[in-house]
Amino acid sequence: MVSYEKHIGPTPNGGDYSEIYYFDDAGKPADKEQATRCVIRECLNDGTLVGEINGLAGGA
C-alpha cells in the first residue's frame, strides 16, 4: 500500500523535497491507486514547511 511518497529535489516554492499523502473520500490514508484526494507538502531539509497544496488524486 502506497499512501505516502517523498521526492528529493527542488520544489516550486523553494523547498528541498516534497511529500505526497494520499487519502480516500473519508479523509483516511489510502493506496495511491484508490485515492481520491492528496496533500502535497514542500519542505526544507530541516523539515520546515514552505508550502502545502490540497488536491484531487488520479486514482478511483
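Keep in mind that this is a model prediction, so the values were computed, not measured.

Rules used throughout
Residues numbered from 1 in each chain as written. Predicted model: local features only at pLDDT ≥ 70, side-chain atom pairs only at ≥ 80, totals over all residues. Heavy atoms only, no water. Salt bridge = Lys/Arg side-chain N within 4 Å of Asp/Glu carboxyl O. Helix = DSSP H or I, 4+ residues; strand = E, 2+ residues; numbered from the N terminus. Buried < 20%, exposed > 50% of the residue type's maximum accessible area, 1.4 Å probe, protein only. Phe/Tyr/Trp six-rings, centres within 6.5 Å; stacked < 30°, edge-to-face > 60°. Lys NZ or Arg CZ within 6 Å of the ring centre and 35° of its normal.

(A) Structural detail: the pattern of salt bridges. Under the counting rule described, the total for this entry stands at three salt bridges. Arginine 41 is the partner of glutamate 19 in a salt bridge, and the nearest nitrogen-oxygen pair spans 3.6 Å. With a gap of 22 residues between them, glutamate 19 in strand E2 (residues 17–23) and arginine 41 in strand E3 (residues 37–43) connect regions that are remote in the sequence. Looking at glutamate 19, the relative accessible area reads 10%, which means it is buried. In this structure, arginine 41 engages glutamate 52 in a salt bridge whose closest nitrogen and oxygen atoms are separated by 2.9 Å. Pair noted here: arginine 41 is in strand E3 and glutamate 52 is in strand E4 (residues 49–56), with a separation of 11 residues, a long-range link. For glutamate 52, a relative accessible area of 42% corresponds to the partly exposed category.

(B) Main features of the packing of aromatic side chains. Overall, the coordinates contain one aromatic pair when judged by the stated rule. Geometrically, the ring pair formed by tyrosine 4 and tyrosine 21 is tilted, given 4.9 Å between the ring centres and 50 degrees between the ring planes. Of this pair, tyrosine 4 sits in strand E1 (residues 4–8) while tyrosine 21 sits in strand E2, and the two are 17 residues apart along the sequence. Classification of tyrosine 4 by relative accessible area gives partly exposed; the value is 36%. When its relative accessible area of 28% is taken as the criterion, tyrosine 21 is described as partly exposed. The side chain of lysine 6 reaches across the aromatic face of tyrosine 17, ending 4.3 Å from its centre.

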